[in-house]
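Chain and residue survey
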Amino acid sequence: MSIIIINNISSLGGDFINKFIKDIFNKGNFKDYFNRNKFFILASIVVLILSLWSGFTNYSSYTSILSDMGISQSINNTPVLMFENTLIHDVLVIIMGFTFSILSIFMTAINGVSIGYLFATQSFSQFLPQGIFGLISEIFALVGAFLVTKIEIRLLSVIINRKFNELFSKIKVPLKDLILTAVFIIILSAMGLLFGLLI
């Protein structure tokens, strides 16, 4: 009897996971993802562009600041090391979404300034093409942080209002979007690595 119950639970769990995954990876959801998160995407682009522009146009002002922060002022990484650094940075940006994205925005801005600085002081060719994929993944990382904050706020709302039965329904959509965001970041980072190794 217990074996039958366990099998039924496993079957239900498997069906739930399969349905959840299909909900994420379907053509309609890709389109809906960008519609749902257009504000987050736009905000992330603005933060990155402003920080890049600041680092590029005021590079002389950032030399000592970047040095004091221990941020490298030269591009001397191999494609594999750039891939690892980008992926680790993006994961940290997403995790820092639990600080209501305050630290995520700060990390993105600092990274943007440092890249803008490198654009101004070194050859663009040292950054291309892998760095372009890294910049795009940086945008999605900040989007991921905003989604984490959205989930955090909804979790707090459920806890405060003690509506625990609504927990999954509240976080389902942003959770799906967060998973899809992570997939985008992995694909972009992998493409950057591939181009970095080939070119």
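Heads up: these notes are all about the structure in this document. Note that the coordinates shown come from a computational prediction; the quantities given were computed from them, not determined experimentally.

A few words on the pattern of salt bridges. Evaluation of the coordinates by the stated rule reveals one salt bridge. A salt bridge links Arg36 to Asp177, with the nearest nitrogen and oxygen atoms 2.6 Å apart. Taken together, the residues span a long stretch of sequence, with Arg36 in helix α2 (residues 27-36) and Asp177 in helix α8 (residues 167-198) at a distance of 141 residues.

This brings us to the side chain of Ser51. Structurally, the position occupied by Ser51 is in helix α3 (residues 38-57). Here the side chain of Ser51 touches Val47 through a polar contact of 2.9 Å, landing on its backbone oxygen. A distance of 2.8 Å separates a polar atom in the side chain of Ser51 from the backbone oxygen of Leu48. Apart from residues lying up to four places away in sequence, Ser51 is in contact with Thr108, Ala109, Gly112 and Val113.

With respect to the secondary-structure elements, Ser137 resides in helix α7 (residues 130-161). Classification of Ser137 as buried rests on a relative accessible area of 0%. The residues touching Ser137, leaving out its near neighbours within four places in the chain, are Thr86, Asp90, Ile185, Leu188 and Ser189.

The next point concerns the packing of α2 against α8. Remark: α2 packs on α8, axes separated minimally by 11 Å, with the N-to-C direction vectors making an angle of 105 degrees. Taken as axis vectors, α2 and α8 run roughly perpendicular relative to one another. Of the residues in α8, those in contact with Asn29, Phe30, Tyr33, Phe34 and Arg36 of α2 are Val173, Lys176, Asp177, Leu180, Thr181 and Phe184. Taken together, the residues of the contact of α2 with α8 sort by class into six nonpolar, two polar and three charged.

This paragraph deals with the environment of Leu87. Mapping Leu87 onto the fold places it in helix α5 (residues 79-95). For Leu87, a relative accessible area of 24% corresponds to the partly exposed category. Distance in space between the C-alpha atoms of Leu87 and Ala141 is 9.4 Å, their sequence separation being 54 residues.

Next up on the list: the packing of aromatic side chains. On inspection of all chains with the given rule, the structure shows ten aromatic pairs. Aromatic pair Phe30 and Phe184: ring centres 6.2 Å apart, planes at 40 degrees, arrangement tilted. Remark: Phe184 occurs in helix α8 and Phe30 occurs in helix α2; sequence separation between them is 154 residues. Residue classification places Phe30 among the partly exposed positions, given a relative accessible area of 31%. A relative accessible area of 14% means that Phe184 is categorised as buried. With centroids separated by 5.3 Å and ring planes inclined at 25 degrees, the aromatic side chains of Phe133 and Phe195 adopt a geometry described as stacked.

Here we come to the environment of Thr108. The residue Thr108 is located in helix α6 (residues 102-121) in this model. Linking Thr108 and Ser51, residues 57 residues apart in sequence, is a C-alpha distance of 8.1 Å. At a separation of 2.9 Å, a polar atom in the side chain of Thr108 contacts the main-chain carbonyl oxygen of Ser104.

Criteria and cut-off values
- Residues numbered from 1 in each chain as written.
- Predicted model: local features only at pLDDT ≥ 70, side-chain atom pairs only at ≥ 80, totals over all residues.
- Heavy atoms only, no water.
- Salt bridge = Lys/Arg side-chain N within 4 Å of Asp/Glu carboxyl O.
- Helix = DSSP H or I, 4+ residues; strand = E, 2+ residues; numbered from the N terminus.
- Polar contact = N/O pair within 3.5 Å; in protein donor to acceptor, adjacent residues only side chain to side chain.
- Contact = heavy atoms within 4.5 Å.
- Buried < 20%, exposed > 50% of the residue type's maximum accessible area, 1.4 Å probe, protein only.
- Axes fitted to C-alpha atoms, helices over the stretch in contact; angles between N-to-C directions.
- Parallel < 35°, antiparallel > 145°, perpendicular 65-115°, else oblique.
- Nonpolar A, V, L, I, M, F, W, Y, C, P; charged D, E, K, R; others polar.
- Phe/Tyr/Trp six-rings, centres within 6.5 Å; stacked < 30°, edge-to-face > 60°.

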